[in-house]
Structure formats: C-alpha cells, structure tokens
Amino acid sequence: WWNVAFVVSFLTMMMCFGYIGYLITTGVGVWGLNHPVAWGWAIVNFVFWIGIGHAGTLISAILFLLRQKWRCSINRTAEAMTIFAVICAGIFPGIHVGRIWLAWWLFPIPNAHGIWPQFRSPLLWDVFAVSTYFTVSLLFWYMGLIPDLATIRDRLRKNAGKLTTGSAKLINRFKQFMYGLFAMGWIGSNRHWRNYEKAYLLLAGLSTPLVLSVHSIVSFDFAVSQLPGWHTTIFPPHFVLGALFSGFAMVETLLIIMRKVVSLESYITIKHIEYMNVIILLTGSLVGTAYITELFMSWYSGVEFEQYAFLNRATGPYWWAYAIMMTCNVLTPQLYWITKIRTSFVATFVLSIFINIGMWFERFVIIVTSLHRDYLPSAWTMFSPSFVDIGIFLGTIGFFFTLFLLYSRTFPVIAQAELKSILKSSGSEYKNKK
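What comes next concerns the included structure. (Residues numbered from 1 in each chain as written. Predicted model: local features only at pLDDT ≥ 70, side-chain atom pairs only at ≥ 80, totals over all residues. Heavy atoms only, no water.)

1. Comments concerning the overall build of the protein
Consideration 1: Along its length, the protein carries 15 helices and 0 strands.
Consideration 2: In terms of overall size, the protein behaves like a compact globule, its C-alpha atoms giving a radius of gyration of 24 Å where 434 residues would be expected to give roughly 22 Å.
Consideration 3: For the protein, the spread of C-alpha atoms along the three principal axes comes to 75 × 60 × 40 Å.
Consideration 4: When the 434 residues of the protein are sorted by exposure, 50% land in the buried category.
Consideration 5: Of all intrachain contacts in the protein linking residues separated by at least 6 positions in sequence, the fraction that spans at least 24 positions is 82%. (Helix = DSSP H or I, 4+ residues; strand = E, 2+ residues; numbered from the N terminus. Rg over C-alpha atoms; globule rule 2.2 N^0.38 Å. Buried < 20%, exposed > 50% of the residue type's maximum accessible area, 1.4 Å probe, protein only. Contact = heavy atoms within 4.5 Å.)

As structure tokens, this is what we get:
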C-alpha cells in the first residue's frame, strides 16, 4: 500500500510543479484572477496550509509542557505534519508575486537597486513569522528524533554481521553513516539525556507562543485593511482557533490511516482519538462563536458596507460556499457530543475530512466573497478558478503526502525513547498497585 500511495502522490506532486513551471513561463494571467478579485486560490491555499501546520506544534509542545503522556504516540506524526504543511504553504507566496525570481526582495537584504521591503506591510510580517515558525518547528522535530536515530544506528551495526551480499553491506554502511551523522554522537549517557531534556524543554517553550503569533500575523493580511468583511479585530483569535481546529482534524486523518496501514493499533488507541475529538469539539464551538460574533458586530456597527458584506456571504451568489462552511465547521463538530461517534474510528475519519473541507471553504468565503463585490457596482464580478489554480492545489496535496510517506519510511513514526519511559513508569505503577 505504501508503494501504491507513493506513486499516486508523486505523480500528483509532479503535476503541481508542472503547472508552476507553466505559471512562471506564462504569467499569473493563467490564474482565474480578475478585477476586483485580485486574491484568489493562491492566498486561500496559503492560509489553509498554514492552518494545517499549527496543530502539530500545539500537540507536541503544549502537551509536553503540561506533561500529558498521551501525546507520545501521536506527537511525532503531528510534528512532521507541521513541517510538510508549512513547506506546502511556502510555495504560494513565492509564486503569487508573479516574478518568482525576484521573491528574494521580500527579505531585508541590501542590493544594488536600493530596494528595501516595506516593513509596515503585513505581507512582510508573514515572511518573518512563517520562516521563524518553520525553523523552530524543524528544530523541535529534529531534537526529538535524536535518541531514536541513535537507536536505528545501533541496530544497523548489530545486524551488519547477518548480511551476506556485498551490496547489502554497502547499503547498511551508508545507512549507519547517515543515521549516525544525524544522531550527533548520541550514546544515551546521563549528560546527553540532561542536555537533551533542557534543549527540548526550551524549544517547547519557544514553540508555544509561536502557535498563537504566527496565525495572528497571517490574519493581519486581512484585518489591517479597510475592506468590509476583513476590517475586524476578531480575526487574530478567529484564525488561531480555526488553525487549531483544522490542524487537529488533519492529524486525525493521518493517524487513522497510519494506524491501519502500518499496524499501529497498539500504540494509537481510541483514547488518543477521543482526546483529540474533545479538543476539536471545543475549538469548533469557539469557531462557531466567532462566526456569530462577526455577524453581530456587522449588524451592531450600523455600517452599511459591513452589513452588506456579511449579508452577501450568506445570501449572495456564493451562498453555497457559506453553507458548506457553516455546516462542516459549526454543525459537524457538535456530533462529537455523542459518545459512540466520539469513540469511533470510522466516524472520526469521515468527520475529520468534512472539517478540513469546511476550513478550506472558510478561507475561500473570507477572501473571494469579500472581494467580488466592490464599492462600485460596475466593478462587480464573479471568480472562477482556472485549471492551473485547481492543478496546483491538488498538486500540493500530493506534495504533502509524498513528503509524509518518505518520512514514514525513513524515520520512526512513534517516539520510541519517550514511549519506553512511559512503559517503564507504567510498569512501576502497576507493581506498586499490585
């Protein structure tokens, strides 16, 4: 099944890069953008993937700081999901600037043209926030891998004597070298464990506020504008909650698939899924509260343009997108009040996919329905995605799963060192009770 999934994901990924090549050589006119809808699927997909990447750090960092032992079976997958989702998100700002070979102008690097970035632009804040978040998340993920990489290195050394062919021995030596290189000389001594725990705790402490700050800054792309439907102070907490909501749903989707395909039933149990469903129920209810608050504030403000922007979302030409958003994000999570649904792998898998669909439509509703009706009725228009829009988005899904499949084949998907410590303490507690 891994081979089948990898071939499908890889071919879809190549479609993505093929369309990006076509976009670069032809121009952004191949997108479905028009006036006044100057932001389309590229920004929708960017915000969607950034949101997906939030739950991994939350699960791993915050639950580690709170000493929640149930995180150990799921944190490695969640952290990897964060890295790959942010990589997918980083594609879209680069290609959205049009001339991708000039994207490096976004960074404050002195150049011969004397051009410096506009530091008052939230688009530039995105560059710093997302790159910082990606760097800390990557370090946090890698730090947790070090003891397990050393374990794989030692097992390869132990099994080297059992190999008979020269090619197998050569591959084994290469694997030993690579895992040993990234294990950084780990031997499991008391000093190594002490330094490791200090560094891991420090990175967890750094990652926690980043979870809140990164998507808040992404929301400033909209909140600092004067456009009706965007100019609202509720966007930062709204975006953070929505990111956690969709991120947890994606973690569940990946974990349930992995649990079956890789035979991890003993490690990923229904208790893990139920805990995450409770968090999804909480964040989904808060997201629904944010939707209602937005509607109330637009009515209470008395501003005709704000009132029309939200009325147009619900009853205008894109009413179907608004209906999908409200159904998937507000009504679907409420099914988790039912214990049988909350503790069912099949129901959780189906609902997690609906939630991710709903969160994509939330970004679509925020961006497109706020833009397609301008102040001048003569400028009103409809947005329709082109085949390039659709191809690049589907391709990033293939890119995400390609990276994830390669990770699951190369690194341990369960935090072995942490799991051993829990099993040891659980055995001690059992003996004491006995």
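2. Digging into the pattern of salt bridges
A side chain of one charge can pair with a side chain of the opposite charge when the charged atoms of the two come close.
Consideration 1: Summed over all chains, the structure comprises 6 salt bridges.
Consideration 2: The partner of Asp-154 in a salt bridge is Arg-157, and the shortest N-O contact between them spans 3.9 Å. Placement of the pair is Asp-154 and Arg-157 together in helix α5 (residues 122–159), with a separation of 3 residues, close to one helical turn.
Consideration 3: Lys-271 is paired through a salt bridge with Glu-274; the nearest N and O atoms lie 3.7 Å apart. Separated by 3 residues within a single helix, Lys-271 and Glu-274 lie in helix α9 (residues 270–301), roughly one turn from each other.
Consideration 4: You can call Lys-271 partly exposed: its relative accessible area is 42%.
Consideration 5: What you see here is one network of salt bridges that share partners, running through Arg-153, Asp-154 and Arg-157. (Salt bridge = Lys/Arg side-chain N within 4 Å of Asp/Glu carboxyl O.)

3. Observations regarding the layout of surface pockets
Any space left empty among the atoms is revealed by the rolling of a water-sized probe across them.
Consideration 1: What the largest pocket holds in volume is close to 740 Å³.
Consideration 2: Lining the largest pocket are 27 residues, with Pro-93, Gly-94, Leu-106, Leu-123 and Val-127 positioned closest to its centre.
Consideration 3: Sort the elements by how many residues they give to the lining of the largest pocket and α5 lands first, with 7 residues.
Consideration 4: Residue composition of the lining of the largest pocket, by class: 19 nonpolar, 6 polar and 2 charged. (1 Å grid on protein atoms, 1.4 Å probe; cavity = no way out; pocket = protein on both sides within 12 Å on 5 of 7 lines; lining within 4 Å. Points joined across faces, edges and corners; volume = space filled by probe spheres on them. Nonpolar A, V, L, I, M, F, W, Y, C, P; charged D, E, K, R; others polar.)

4. Description of empty space enclosed by the protein
Consideration 1: In the structure shown here, the tally under the stated rule is 1 cavity of 30 Å³ or more.
Consideration 2: Reported here for the largest cavity is a volume of approximately 80 Å³.
Consideration 3: In terms of lining, the largest cavity is formed by His-238, Tyr-291, Glu-294, Leu-295, Phe-310, Arg-313, Tyr-322, Met-325, Glu-362, Val-365 and Ile-366.
Consideration 4: Put simply, the parts of the chain that give the lining of the largest cavity at least two residues each are α9, α10 (304–315), α11 (319–331) and α13 (345–371).
Consideration 5: Along the lines of polarity and charge, the residues of the lining of the largest cavity split into 7 nonpolar, 1 polar and 3 charged.

5. Re the nonpolar core
Consideration 1: Counting 118 residues, the largest nonpolar core has Trp-49, Phe-222, Met-276, Phe-364, Ile-367 and Ile-392 as its most contacted members.
Consideration 2: The dominant element in this core, judged by the number of residues it contributes, is helix α8 (residues 235–261), at 13 residues.
Consideration 3: Each residue touching Ile-367, except ones within four places of it in the same chain, is listed here: Trp-39, Gly-40, Ile-43, Val-44, Phe-222 and Trp-230. (Core = buried A, V, L, I, M, F, W, Y, C linked by side-chain atoms within 4.5 Å.)

6. Regarding unusual backbone geometry
Consideration 1: The residue Met-184 is not glycine, and still its phi comes out positive at about 60 degrees.
Consideration 2: The residue Met-184 is located in the loop between α6 (166–183) and α7 (190–223) in this model.
Consideration 3: We classify Met-184 as exposed; its relative accessible area is 56%.

7. Some thoughts on the side chain of Asp-221
Consideration 1: Examined against the element boundaries, Asp-221 turns out to sit in helix α7.
Consideration 2: Buried charge without a salt bridge: Asp-221, with Arg-363 as the nearest opposite-charge side chain at an N-O distance of 11 Å.
Consideration 3: Asp-221 has contacts with Trp-39, Phe-46, Pro-122, Leu-123 and Asp-126, leaving out every residue within four places of it along the chain. (Lys, Arg positive; Asp, Glu negative; His and termini not counted.)

8. Side note on the packing of aromatic side chains
Consideration 1: Counting across every chain of the model gives 45 aromatic pairs.
Consideration 2: Here Phe-17 and Phe-399 contribute two aromatic rings whose centre-to-centre distance is 5.3 Å and whose plane-to-plane angle is 75 degrees, an arrangement assigned as edge-to-face. Remark: Phe-399 occurs in helix α14 (residues 387–410) and Phe-17 occurs in helix α1 (residues 2–26); sequence separation between them is 382 residues.
Consideration 3: Taking the relative accessible area as the measure of exposure, Phe-399 reaches 11% and is therefore buried.
Consideration 4: The ring of Phe-310 has Arg-313 lying over it, and the distance from NZ or CZ to the ring centre is 4.7 Å. (Phe/Tyr/Trp six-rings, centres within 6.5 Å; stacked < 30°, edge-to-face > 60°. Lys NZ or Arg CZ within 6 Å of the ring centre and 35° of its normal.)

9. Notes on a positive patch on the surface
Consideration 1: Among the surface-exposed residues, Arg-155, Lys-158, Lys-162 and Lys-420 lie close enough to one another that they form a single positively charged patch.
Consideration 2: Relative to the helices and strands, Lys-420 resides in helix α15 (residues 416–433).
Consideration 3: With relative accessibility at 47%, the residue Lys-420 sits in the partly exposed group. (Patch = residues over 30% accessible without salt bridge, like charges linked within 9 Å, V, L, I, M, F, W, Y side chains within 5 Å. Areas by Shrake-Rupley, 256 points an atom, 1.4 Å probe, with all protein chains shown as cover. Charge placed at Lys NZ, Arg CZ, Asp CG, Glu CD.)

10. Overview of a nonpolar patch on the surface
Consideration 1: On the surface, Trp-1, Val-4, Val-8, Ile-257, Val-261 and Val-262 cluster together into a nonpolar patch covering about 630 Å² of accessible area.
Consideration 2: At the level of elements, α1 and α8 are the ones that each hand at least two residues to the nonpolar patch.
Consideration 3: By relative accessible area, which is 43% here, Val-262 ends up partly exposed.

11. Comments concerning the side chain of Thr-77
Consideration 1: For Thr-77, the position within the fold is in helix α4 (residues 75–96).
Consideration 2: When sequence neighbours within four positions are dropped, the list of residues in contact with Thr-77 reads Leu-254, Leu-255, Met-258, Phe-404, Tyr-407 and Val-413.

12. Here's the deal with the environment of Phe-17
Consideration 1: For Phe-17, a relative accessible area of 36% gives the class partly exposed.
Consideration 2: The spacing of Phe-17 and Leu-311 is 294 residues in sequence and 38 Å in space, taken between C-alpha atoms.

13. Section: the state of the cysteines
Consideration 1: Counted by the stated rule, this structure contains 0 disulfides.
Consideration 2: Not engaged in a disulfide, the cysteine Cys-16 finds its nearest cysteine sulfur in Cys-88; these two sulfurs lie 7.9 Å apart.
Consideration 3: Given a relative accessible area of 0%, Cys-16 falls into the buried group. (Disulfide = S-S within 2.5 Å.)

14. Things to note about α13
Note on helix geometry: an α-helix contains 3.6 residues per turn, so any two residues three or four positions apart are oriented the same way.
Consideration 1: Here α13 contains 27 residues, and its C-alpha end-to-end distance of 39 Å stays within 8% of the 39 Å for a straight helix at 1.5 Å per residue.
Consideration 2: When the local axis directions of α13 are compared, the greatest deviation, roughly 25 degrees, occurs at Val-365.
Consideration 3: Burial of α13 is extensive: 19 of the 27 residues sit out of reach of the surface.
Consideration 4: N-cap assignment for α13: the residue whose side-chain oxygen lies 3.3 Å from the backbone N of Ala-347 is Ser-344. (Expected span 1.5 Å × (residues − 1). Bend = angle between axes of the 7 residues up to and from the residue. Polar contact = N/O pair within 3.5 Å; in protein donor to acceptor, adjacent residues only side chain to side chain.)

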